[in-house]
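# Structure at a glance
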Amino acid sequence: MSMTQEEITDWALKNGWTMIAGNLSLTKPRLHKEAIVRLVLKATVANLEVKKLAGNKWEKISGAPYNAIEPDSEDGPPRGLGFESIPSFSILMQQNKDAQTFSSMR
């Protein structure tokens, strides 16, 4: 049971990701305008990238064709994209989701 580009986008937007410069992105906890993790969704593959500390370069952490990406049974991060390679990824995603929730309350 693989995921489509649309299904990955829907999951990400429901879980704290935002669109920045055309890519699904997670931002720094207190600077919610600067992306530090992004999902680059291409025609046949999805790439997970992180911003290097020095400079504005992105480093590809992992990539997979859509037919190798599977949904998590509990609405967690899709399997096959390498989310497990980012320490504290779930905390960063939760911080972004909380920031979205609280900004909509203002």
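This report concerns the structure included in the present document.

Reading the values: rules and limits
- Residues numbered from 1 in each chain as written.
- Predicted model: local features only at pLDDT ≥ 70, side-chain atom pairs only at ≥ 80, totals over all residues.
- Heavy atoms only, no water.
- Pairing = 2+ DSSP bridges.
- Helix = DSSP H or I, 4+ residues; strand = E, 2+ residues; numbered from the N terminus.
- Axes fitted to C-alpha atoms, helices over the stretch in contact; angles between N-to-C directions.
- Buried < 20%, exposed > 50% of the residue type's maximum accessible area, 1.4 Å probe, protein only.
- Contact = heavy atoms within 4.5 Å.

A word on the sheet that holds strand 4 (residues 45–51). Read from one edge of the open sheet, five strands run 1-2-3-4-5, paired in antiparallel fashion. In the strand order of this sheet, the two ends are held by strand 1 (18–20) and strand 5 (58–65), each with one partner. Recorded for the sheet is a direction-independent mean angle of 30° between the axes of neighbouring strands.

Buried residues dominate strand 2 (residues 23–27), accounting for five of its five residues. Side chains N23, S25 and T27 project from strand 2 onto one buried face, and the interleaved L24 and L26 project onto a second face that is buried too. Where strand 1 lies against strand 2, three bridges are found, and the strand directions are antiparallel. Bridge pairing links M19 to L24 in strand 2. Connecting strand 1 to the next strand, strand 2, in antiparallel fashion are two residues, including A21 with a positive phi near 55°. When strand 2 meets strand 3 (residues 35–41), the two strands line up antiparallel, connected through four bridges. Along strand 3, the bridge assignment pairs S25 with R38.

Another aspect to go through is the side chain of N47. Relative to the helices and strands, N47 resides in strand 4. N47 has contacts with R38, L39, V40, K42, K60, S62 and G63, leaving out every residue within four places of it along the chain.

Below, the discussion takes up the environment of A21. Tracing the chain through its elements places A21 in the loop between strand 1 and strand 2. In this structure, the C-alpha to C-alpha distance between A21 and A35, residues 14 residues apart in sequence, is 9.3 Å.

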